[in-house]
Amino acid sequence: MLLAAARNNAEWCDAVVRGHGAAGEFAPGVWSSARRTPPLYPDAVSLAPGASAAGLVAAIDTDGPGSCSVKDSFADLDLAGDGFEVLFEARWIHRPAGAPAAAGSRLEWSEVTTADELEAWEAAWDGEESTGLFHPALLGEDIAFLAGRADGRIVAGAVANRGGDPVVGLSNLFAHDDADTDAAWAGALTAIAARWPDLPVVGYEAGDDLDAAVRAGFTPLGPLRVWLHTA
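From a predicted model like this one, the values you see are computed outputs, not experimental measurements.

Rules behind the numbers
- Residues numbered from 1 in each chain as written.
- Predicted model: local features only at pLDDT ≥ 70, side-chain atom pairs only at ≥ 80, totals over all residues.
- Heavy atoms only, no water.
- Pairing = 2+ DSSP bridges.
- Helix = DSSP H or I, 4+ residues; strand = E, 2+ residues; numbered from the N terminus.
- Axes fitted to C-alpha atoms, helices over the stretch in contact; angles between N-to-C directions.
- Contact = heavy atoms within 4.5 Å.
- Phe/Tyr/Trp six-rings, centres within 6.5 Å; stacked < 30°, edge-to-face > 60°.
- Buried < 20%, exposed > 50% of the residue type's maximum accessible area, 1.4 Å probe, protein only.
- Expected span 1.5 Å × (residues − 1).
- Polar contact = N/O pair within 3.5 Å; in protein donor to acceptor, adjacent residues only side chain to side chain.
- Disulfide = S-S within 2.5 Å.
- Parallel < 35°, antiparallel > 145°, perpendicular 65-115°, else oblique.
- Left-handed = near helix turned anticlockwise from the far one by under 90°.
- Nonpolar A, V, L, I, M, F, W, Y, C, P; charged D, E, K, R; others polar.
- Core = buried A, V, L, I, M, F, W, Y, C linked by side-chain atoms within 4.5 Å.

Caption draft 1: Focus on the sheet that holds strand E8 (residues 153-161). Reading across from one edge, E1-E2-E3-E4-E11-E5-E10-E9-E8-E7-E6 is the order of the eleven strands in this open sheet, with mixed pairing throughout. Both outer strands of the open sheet, strand E1 (24-27) and strand E6 (108-111), are each paired with one neighbouring strand and no more. Sheet twist, expressed as the average angle between the axes of neighbouring strands with direction ignored, equals 25°. Here strand E2 (residues 30-33) pairs with strand E3 (residues 44-46) via three bridges, running antiparallel. Looking across to E3, one finds that tryptophan 31 is bridged to valine 45. Against the sheet, helix H1 (residues 2-18) engages E1, E2, E3, strand E4 (69-72), strand E5 (84-95), strand E7 (143-150), E8, strand E9 (168-175), strand E10 (201-205) and strand E11 (219-229), with an angle of about 155° to E1. Together, E5, E6, E7, E8, E9 and E10 form the strand contacts of helix H4 (residues 181-195), whose direction differs from that of E9 by roughly 145°.

As structure tokens, this is what we get:
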């Protein structure tokens, strides 16, 4: 399940990167993009324990402008000698298919289906405005942008992606105003179960968000690290 979670997350990163004209590449034990990726998205993701740190760094652009980062999916890489430092640590999480439903959400949940809706979703997720990070081409069979609305306004949301192994990845969960985080987890999971009832859900979280995931029925798996190039 840990391998499936890492692969699923790399599939999501690859989809976002391709929306910006870059071409990510899957190779044994690693996903990488030779071209700098959009903000908040890694330039490489390890897909199996024991990936080559040297090979991973050689596959990405550490010299171009902007931030370069690596998702160390098994927290077993040492990239300090290559000019990286640990940005944050988290835990992979897993919720089995058919797990008991969490407490309900008072929000109205639906999938984003148009470019205008996606722009509004991104603005709500960002808390300010849409920057075009999420391209409308992402709206498809294997990716669902989930929106929780109150009085027609998006106040909570998440992304679900069905990629790689037979799991659904849950990421980018947010809740604003009085839409509490626990209700957002409940609403997102209910929407995922309606679309993919037979698939387990995976992702990663840290801190208070990890605590909320556990309350929603997730079990923590192994650790991961994100490294940021600073040299």
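Caption draft 2: Broad picture of the packing of aromatic side chains. Scanning the model with the defined rule gives twelve aromatic pairs in all. With a centroid separation of 5.8 Å and 75° between ring planes, the pair formed by tryptophan 121 and phenylalanine 134 is classed as edge-to-face. In this pair, tryptophan 121 sits in helix H3 (residues 115-126) while phenylalanine 134 sits in the loop between H3 and E7, placing the two residues 13 residues apart along the sequence. One exposure class covers both tryptophan 121 and phenylalanine 134, and it is buried.

Caption draft 3: View of the side chain of asparagine 9. Inspection of the secondary structure assignment puts asparagine 9 in helix H1. Contact partners of asparagine 9, with chain neighbours within four places excluded, come to Lys71, Trp92 and Tyr204.

Caption draft 4: Main features of H4. Over its 15 residues, H4 runs 21 Å from end to end, which matches the ideal 21 Å to within 8%, given 1.5 Å per residue. Listed as buried for H4 are Ala183, Ala184, Trp185, Ala186, Gly187, Ala188, Leu189 and Ile192. By the N-cap criterion, in which a side-chain oxygen at the helix start approaches the backbone nitrogen of a residue two or three places on, H4 is capped by aspartate 180, the distance to aspartate 182 being 3.1 Å.

Caption draft 5: Local environment of the state of the cysteines. Under the counting rule described, the total for this entry stands at zero disulfides. Cysteine cysteine 13 is unpaired, with the sulfur of cysteine 68 as its nearest cysteine sulfur at 13 Å.

Caption draft 6: Region of the structure containing the packing of H4 against helix H5 (residues 207-215). Closest axis-to-axis distance for the H4/H5 pair is 10 Å, and the angle between their directions is 50°. By the angle between their directions, the pair H4 and H5 is classed as oblique. Note that H4 runs across H5; the crossing there is right-handed. Of H5, the residues touching H4 (which contributes Thr181, Asp182 and Trp185) are Asp209, Ala212, Ala213 and Arg215. Across the contact of H4 with H5, the residue classes tally to three nonpolar, one polar and three charged.

Caption draft 7: Spatial organisation of the nonpolar core. One finds Leu170, Trp185, Ile192, Trp196 and Phe218 to be the most contacted residues of the largest nonpolar core, which totals 25 residues. Among the secondary structure elements, those contributing two or more residues to this core are E7, E8, E9, H4 and H5. In contact with tryptophan 196, not counting residues within four places along its chain, are Glu141, Asp142, Ala144, Ala160, Arg162 and Val168. The next biggest cluster of nonpolar side chains, apart from the first, holds 24 residues, and it includes Val16, Val17, Val45 and Ile143.

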